[in-house]
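Residue-level structural notes
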Amino acid sequence: MIEVKRLTSDGIETALAGRGLAAEDEAIAATVRSIIADVIDRGDEALADYTERFDRVSLRPEEFRVPLSEIKSALAAIPGEVKDSLELAARRITDFHERQLPKTWSIDIDGATLGQRITPVSRAGLYIPGGRASYPSSVLMNAIPAKLAGVEEIALCVPPGPDGRVSEYVLAAAAIVGVDEIYRVGGAQAVAAMAYGTDTIKAVDKITGPGNIYVATAKRLVIGQVDIDMIAGPTEVVIVADGRAPAAFIAADMIAQAEHDPLSSAVLLTDDDGLPATGQVERASQLASSPRAEIARTSVGDNGRIFVVDDFDTAVLFVNKYAPEHLELMVEDPEALLPKIKNAGAIFMGDYTPEALGDYVAGANHVLPTASTARFYSPLGVYDFLKWSS
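Described below are features of the structure shown in this document. (Residues numbered from 1 in each chain as written. Predicted model: local features only at pLDDT ≥ 70, side-chain atom pairs only at ≥ 80, totals over all residues. Heavy atoms only, no water.)

**A word on the packing of helix H5 (residues 80-98) against helix H7 (residues 168-177)**
For the pair H5 and H7, interaxial distance at closest approach is 10 Å and the crossing angle is 45 degrees. Compared by their axis directions, H5 and H7 come out oblique. In this structure, H5 meets H7 at a crossing whose hand is right-handed. Touching Val82, Lys83, Leu86, Glu87 and Ala90 of H5 are Tyr169, Ala172, Ala173 and Ile176, all from H7. (Axes fitted to C-alpha atoms, helices over the stretch in contact; angles between N-to-C directions. Helix = DSSP H or I, 4+ residues; strand = E, 2+ residues; numbered from the N terminus. Parallel < 35°, antiparallel > 145°, perpendicular 65-115°, else oblique. Left-handed = near helix turned anticlockwise from the far one by under 90°. Contact = heavy atoms within 4.5 Å.)

**Comments concerning helix H12 (residues 293-303)**
Burial in H12 covers these residues: Ala293, Ile295, Ala296, Ser299 and Val300. Seen from one end, H12 has its buried residues packed into an arc of 160 degrees, which puts them on one side. Away from its buried face by more than 90 degrees, H12 exposes Glu294 and Asp302. Contact partners of the buried residues in H12: helix H10 (247-258), strand S10 (265-270) and helix H11 (275-287). (Buried < 20%, exposed > 50% of the residue type's maximum accessible area, 1.4 Å probe, protein only. Arc of directions from axis to C-beta.)

**Let's talk about the packing of helix H6 (residues 136-149) against H7**
Viewed as axis vectors pointing N to C, H6 and H7 meet at an angle of 20 degrees, and their least axial separation amounts to 8 Å. In terms of orientation, H6 lies roughly parallel with respect to H7. Here the hand of the crossing between H6 and H7 comes out right-handed. Between H6, through Pro136, Val139, Leu140, Ala143, Ile144 and Lys147, and H7, the contact on the second element is made entirely by Tyr169, Val170, Ala173, Ala174 and Val177. Here the residues of the contact of H6 with H7 sort into 10 nonpolar, no polar and 1 charged. (Nonpolar A, V, L, I, M, F, W, Y, C, P; charged D, E, K, R; others polar.)

**Overview of unusual backbone geometry**
Phi is positive for Ala323, close to 50 degrees, though the residue is something other than glycine. Note that Ala323 resides in the loop between helix H13 (312-322) and strand S12 (326-330). Even without being a glycine, Ala371 presents a positive backbone phi close to 55 degrees. Mapped onto the secondary structure, Ala371 falls in the loop between helix H15 (355-360) and strand S14 (386-389).

Okay, structure coming up:
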C-alpha cells in the first residue's frame with residue numbers, strides 16, 4: 001500500500017525534498033576510477049578479468065566481438081511475431097527521428113558569407129544493458145538515430161549472459177538496423193574501453209545508452225575524453241489523472257514502471273478522493289499475477305507516491321518541479337494541460353497512451369532524462385550524434 005497524501009502548492013518543495021540525481025557515491029566512484037585506469041593500462045587483459053569477475057564468464061579478447069554470422073542467424077532464429085514487432089518498431093522509430101535532421105546553412109551579410117556546417121561524429125559507442133533482462137528495444141532507440149545522423153562506425157557493448165552469449169533478441173535488433181560491431185563486454189569496463197580504446201575495441205567519440213550506477217558513474221567520469229548523451233538514474237513515471245480515468249490502466253502503468261528495478265518510482269496525482277483507494281485494489285490484484293511482482297512491490301513500497309490535489313494547477317506545478325522522465329496526462333482534456341508542461345522527458349496524452357507504448361513501438365525515443373534532469377536534458381535523438389561548425 002502507498003500512503004495517500006494531500007498536496008497543496010505550498011507543500012510541493014517539501015514533497016520534492018531530496019529529488020534529483022544522487023550525489024556521487026565516493027566508494028562507487030573510487031571503484032569505477034580504478035576500473036577505468038586499469039582498462040587504460042592493461043586494455044583487453046583487464047576487460048577479460050572484469051568479465052570473469054563480474055559476469056562470471058571467461059572470454060579471450062578474440063572472443064569479445066560477436067561474429068557477423070551469429071548476428072545474422074539470430075534474426076532467423078527468433079519467433080516470427082517478435083521479428084515483425086521489432087521491424088515495425090524500427091520503421092516507426094525511423095519515421096519519427098528522420099524529422100529531427102537539421103540542415104547545413106549559410107547567409108550573406110555585407111559581402112561576407114556566414115553559416116553552420118553540420119557533420120556527424122565519426123564513431124559512436126552504444127551501451128545496451130543486459131543484467132536483469134534483454135533490451136532489444138534499446139538497440140533500436142540508440143542505433144537508429146546514429147544511423148540517420150550518418151555515423152559511419154557504431155560499436156555496441158552489451159554484457160554477456162551466463163553462457164557467454166548475447167541475447168538473440170539483442171542481436172536480431174542489431175541485424176535489423178545494420179549494426180555488426182558488437183562486443184560482449186559490459187559494466188564500467190565497457191565504458192572505459194569505448195572511451196579510451198583497447199587493441200580489440202576502438203575508441204569512440206560519443207557514448208550513449210542506459211546502464212546501472214557503475215555504468216552511469218563511468219560515463220560521468222569519461223566526459224571530456226568523449227561526449228555522452230546524459231547521466232541517467234532509475235526510471236520513473238508521473239501520472240496525472242482525473243476521476244474518470246480507468247483505475248486499472250493507472251495501476252498497470254505504475255506497475256509497468258515499478259517492475260523495471262527496485263529503485264524505480266511511480267507517482268500518481270489526482271483531484272479525485274476516491275481514485276487512490278480504487279487504484280490500490282487494482283494494483284494489488286495485478287501484482288498478484290505479475291512475473292516481476294517482487295521487484296515491483298519493492299519499488300512501489302519504497303518509492304511509490306500518491307497525492308490528492310485540489311486542482312490541476314497544483315499538479316502542473318509539481319510536474320514542472322519534478323521534471324519526470326515519463327509523464328502521463330490521463331485527464332479528460334490533456335491538450336489543455338500540455339501547454340503548461342515545461343519539464344518532462346516524454347509526455348503521454350490520454351487514457352489510451354500507456355508509457356510502455358513509448359518504450360517499444362510508438363516511435364519516440366525511450367532514452368530519456370531522469371531525476372529532474374529533464375529541466376536541461378532532452379530525449380536521445382539524431383542531434384546527439386551531430387556537431388556544428390561555424
